[in-house]
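A look at the structure
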Amino acid sequence: MVHCYLRHGPTQAFGLICSNSSNSKYDDKVAYVPALEDVLVWDMKKGQQLAMWHETGHRAEVTCIERSPQGNVFGVGYADGSIRLWDSGSSSVIATFNGHKKAVTALAFDNEGARLASGSQDTELIVWDIVAEAGLYRLRGHRNEVTGIRFLVPLGTPSTSTDSLSSILLTVSKDTLMKVWDLSTQHCMQTVVAHRAEIWSMGVSPDQNYLFTGSNDGDLKAWRINYEAIAGGLRESESGEIDKIIHLTGSLPLALHHRVSHVLFHPSQPYLAVQSHERSVEVFRIRTEEEIKKKELRRRKREKEKKEKDKVGSTVTETKKSLDEGDPKPDEVTLPNLFAPLLVVRASGKIRSFDFGTREAGKGKSGIQIFVALASNALEVYDIPSPTTSKGETLEATRAYVLDLPGHRNNVRTLCLSSDDQVLVSAANGSLKVWNMKTTACIRTMDCGYAICSCFIPGDRHVAVGTKTGEILIYDLASSTLIDSVKAHKATVWSLHVRPDGQALVSGGADKEVKFWEFQKEAVVSSAYPKKSFSLVHARTLKMSDDVLSVRYSPNGKFLAVSLLDATVKVFYQDSLKFFLSLYGHKLPVSCMDISDDSKLIVTGSADKNIKIWGLDFGDCHKSIFAHEEGVTQVFFEKKSHYFWTAGKDKLLKYWDSDKFENIQKLDGHHNEIWALTVSNHGNFVVTGSHDKSIRVWEKLDEPLFLEEEREREIENVFERGLVDSLNRDETGGGLSGQLSTEVTTVAKQTTETLAAGERIIEALDLADSELKALREFEERKAHENISDAVDLQPPPRNPVLAALDSQPEAYVLRVVEKVPSTALHDALLVLPFTKVISLMHYLSIWARMGWNVTLVARIVFFLLRVHHHQIVANKLMRTSLISMRSHLRGALRQEKDTVGYNLAALRYMRKKHEADGIASFWGQDPEEDEAHELAGQGIKRKRISVRL
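Worth saying up front: this structure is predicted, and the values here are computed from it rather than measured.

In terms of regular secondary structure, the protein is built from 16 helices and 57 strands. When each of the 949 residues of the protein is scored for burial, the buried share is 49%. Long-range pairs, those at least 24 residues apart, make up 51% of the contacts in the protein with a sequence separation of at least 6.

This brings us to the nonpolar core. Counting residues in each nonpolar core, the largest one holds 36 residues, and the members touching the most others are Ile761, Leu829, Leu840, Leu844, Trp847, Ile860 and Leu864. Elements supplying a minimum of two residues to this core: α7 (752–784), α10 (809–819), α11 (825–830), α12 (834–850), α13 (854–867) and α15 (878–917). The dominant element in this core, judged by the number of residues it contributes, is α7, at 8 residues. Look past the residues within four positions of Ile761 in its chain and what remains in contact with it is Val816, Val817, Val820, Ala828, Leu829 and Leu832.

All told, the structure shown has 21 salt bridges when counted by the stated rule. We note a salt bridge from Glu124 to Arg140, for which the minimum N-O separation is 2.7 Å. Pair noted here: Glu124 is in the loop between β11 (115–120) and β12 (125–129) and Arg140 is in the loop between β13 (134–139) and β14 (146–152), with a separation of 16 residues, a long-range link. Between Arg399 and Glu380 there is a salt bridge, with the nearest N and O atoms lying 3.0 Å from each other. Remark: Glu380 occurs in strand β28 (residues 378–385) and Arg399 occurs in strand β29 (residues 398–403); sequence separation between them is 19 residues. Judged by relative accessible area, which is 47%, Arg399 ranks as partly exposed. We classify Glu380 as buried; its relative accessible area is 2%. What you see here is one network of salt bridges that share partners, running through Arg7, Glu703, Glu710 and Arg713.

In this section: the side chain of Thr105. Considering the arrangement of structural elements, one finds Thr105 in strand β10 (residues 104–109). Given a relative accessible area of 18%, Thr105 falls into the buried group. Looking at Thr105, its side chain comes within polar contact range of the main-chain oxygen of Val146, at 2.4 Å. Those residues in contact with Thr105 that lie beyond four places of it in its chain are Cys64, Gly119, Ser120, Gln121, Glu145 and Val146.

Time to look at a positive patch on the surface. Side chains of Arg879, Arg886, Arg890, Arg894 and Lys897 sit close together on the surface and give a patch of like positive charge. By the element assignment, Arg894 lies in helix α15.

Moving on: a negative patch on the surface. Residues Glu662, Glu708, Glu709, Glu712, Glu716, Glu720, Glu759 and Glu763 make up a contiguous surface patch of negative charge. Those elements giving two or more residues to the negative patch turn out to be α6 (707–733) and α7. Broken down by element, the residue count for the negative patch peaks at 5 residues, all from α6. Counting through the fold element by element, Glu708 comes out in helix α6.

This next bit is on the sheet that holds strand β24 (residues 280–286). Sheet architecture is open: 4 strands sit in the order β22-β23-β24-β25, paired in antiparallel fashion. Only two strands of the sheet have a single neighbouring strand rather than two, namely β22 (262–265) and β25 (339–346). In this sheet, neighbouring strand axes are inclined to one another by 20 degrees on average, regardless of whether the strands run parallel or antiparallel. Pairing analysis gives 4 bridges linking β22 to strand β23 (residues 271–275), with the strands arranged antiparallel. Counterpart to Val263 in the pairing with β23 is Val274.

Here we take up unusual backbone geometry. Its identity as a non-glycine residue notwithstanding, Thr440 has a phi of 55 degrees, on the positive side. The residue Thr440 is located in the loop between β31 (423–436) and β32 (441–457) in this model.

Another point: the side chain of His462. Structurally, His462 is set in strand β33 (residues 462–467). When its relative accessible area of 12% is taken as the criterion, His462 is described as buried.

With that out of the way, let us pick up the packing of α12 against α15. Axis separation between α12 and α15 bottoms out at 8 Å; the angle between their running directions is 30 degrees. The angle between α12 and α15 falls in the class roughly parallel. In terms of crossing hand, the pair formed by α12 and α15 is left-handed. Packed against α12, whose contacting residues are Ile838, Met841, Leu844, Ser845, Ala848 and Arg849, the element α15 presents Met878, Ser881, Leu882, Ser884, Met885, His888, Leu889 and Ala892 at the interface. Residues that form the contact of α12 with α15 fall into these classes: 9 nonpolar, 4 polar and 1 charged.

Reading the values: the criteria
Residues numbered from 1 in each chain as written. Predicted model: local features only at pLDDT ≥ 70, side-chain atom pairs only at ≥ 80, totals over all residues. Heavy atoms only, no water. Helix = DSSP H or I, 4+ residues; strand = E, 2+ residues; numbered from the N terminus. Buried < 20%, exposed > 50% of the residue type's maximum accessible area, 1.4 Å probe, protein only. Contact = heavy atoms within 4.5 Å. Core = buried A, V, L, I, M, F, W, Y, C linked by side-chain atoms within 4.5 Å. Salt bridge = Lys/Arg side-chain N within 4 Å of Asp/Glu carboxyl O. Polar contact = N/O pair within 3.5 Å; in protein donor to acceptor, adjacent residues only side chain to side chain. Patch = residues over 30% accessible without salt bridge, like charges linked within 9 Å, V, L, I, M, F, W, Y side chains within 5 Å. Areas by Shrake-Rupley, 256 points an atom, 1.4 Å probe, with all protein chains shown as cover. Lys, Arg positive; Asp, Glu negative; His and termini not counted. Charge placed at Lys NZ, Arg CZ, Asp CG, Glu CD. Pairing = 2+ DSSP bridges. Axes fitted to C-alpha atoms, helices over the stretch in contact; angles between N-to-C directions. Parallel < 35°, antiparallel > 145°, perpendicular 65-115°, else oblique. Left-handed = near helix turned anticlockwise from the far one by under 90°. Nonpolar A, V, L, I, M, F, W, Y, C, P; charged D, E, K, R; others polar.

Now the structure itself:
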């Protein structure tokens, strides 16, 4: 009989405020930050999580976030090369684009939000049509990771030239090159070697006159954009040189010469922010023309006075001459004059990214806000005051909001659950946190040292934590206080375990000692009220020959197992500490172990990537299994069973059957090493903590799991991934001589979804063809029979699928094609063999004749004709179907054109009628910002006025 298990699945992930894999966005006290494979939306003022953008089954890490001009649409790039458009209002995916082969590193929307440009680690650029949900073309030219993209549309350009100017794309890359692309002709107009080192950032001023690029060597260069050269095209000057679009203006001096990782202009205020250090952001203020002129006049006056005082051996004319020669022209503006250093924002940790707030600083303050996402899993918002005219006053940024409670600053090293599975304690270097397992809310935060191991003390009111310095810390959860600190070992405390009777605790450390501690509760009477004080009392010590890595009591209280650095496990009698067994066989030290509830089995996990299952009666090794690709970090038995869990540095969590020596399930979700693992006391769920600072819960589901089916599914997944990789590799490898040498190519990337969509279309075509063939044969047989016999003939039975849907074969094929996502349609059509393309062209002709979804029909027809042009031209059978399709499609498209034209004419008429009536709707005069905030706080709305002229 086949044994059935229960499947486990991921249900919750918490403990992560932001990850350092991507940039962040900030808008009006709301922050959009990456959290591994998700995007979290935080209210910075309240410290609450508003939403989580999560797509089920998608595991790739977020690498880039960009906001669309439409406001509620965000483009999010992932490490697998995919791009998803998210609707911030509904927290749902609008569209998914697949085209890059490596992580997406840069995104940019055009001014209308209709096009999206993406750059990747695969050195390629792709321009996407968001309205049509399709890739337009792929641009090649860079030789390293693309780090910045920007559409160029200068403000104030006339409407006649907007179309040409909006087709200019500016890109920078780690190959030290900056390129200007003309999207109308799809070629590179200019290539500039901008820096000697890798370019890491790019910023364009709001008026798009200035462009800044920052490099790995700390150099920040300014460039001016010549829009006349863009509008006029590539023309030769009198000297024979081609007019350049980008001109170097100079370099902006920075306070610190480190990597310039981020350059950003404020969208509406005259500020520039530059991050050239791990922990600080330099803020510059952009002076106005009047301020520059006044400053220049003051400088000239000071220099003139100084020259007059220092006139020795020179005439006045010579002095004036030298002054005029040394001074810049009155119209010339230097970068230091235009960009004045304002202040330096110093964060509490390493800065991963920053962003300007769209609104001004807090109430009663004038200035702006800057949002900072730290690499230490925290978010901060700083108020930047407005510059003052008083001399000698230094401006400082003040911290307005901090969000750091719902997560650890460092990787999670240890986890433990209370006896009722209601409370979870996690500890890391510097902090210990208490979580409510129902709401996953952080209810307590306490300071601690470098935590290595932890356990609940019976009663669930206290927690013991072993640290790297050799101390055992006892915390009272109710009062959130440290009530006892014991210097237990001279080196790291690697393991803690409570005796099954709940009266004592054992600890193992790197000082080659195993120490036994008894719990002692003393009644302490204070002036306010009596309370119980808990403490540890040292009972005895067991000295070992090597460092102790793990200690475990057997659940029956009979044995004590100790793993040593010499890759052996020693088993002692718990009461007398007499030696019982020695388990040896691992090639590297045993880092973790656990004993089953019936005290018959012991499982050991080692840095040699193997787990071994031993019998505790005689110390015989039942099985040695290669469990993980990296070292095993944690092993835990499930309560009242012989099933156990293992976690490793390969980011995987695995479920095993120790009786059958089978791997039941493999769970992936973490993005870094798993250091901590704990199993529910009721066997309902498992909790893991990782180096990626996240804590994940894996719950037991009601879905049955069969080992044979699980193995088949794994083999299918491996086969599909191999097939997809081979298809994408053939596509790029086949064009080494031609495709890769060209600057522009088509956008295509096969995924498992596109392959499945293509297979569904093929199945629908086969079903419809067989149904139509059966009907034709019936009609032919009916035509050859006599009238009396023809009446008795029974029509062939309908296909069950068509009968259930009550649909005709042609309508069924259209139904299947319509269900294919628009972004995956072209890649799905590439899967079809040419015989199926001929069959599909027949149905396309029918759909065009019937007027069904003409837009989709035209899109498919044009794509197939472009891809299979040579085969279609060479096939004589296609001529008749193409002639009929041309007439049907032209008629359908002409009708669609008439409908669109009629609607446009109606809209124009309505606009003219509105203008002729002379009705103007406008808002009242806007008060000052402070008054507007006060009105909003009082609940008073501004009146909307309608005036008839």
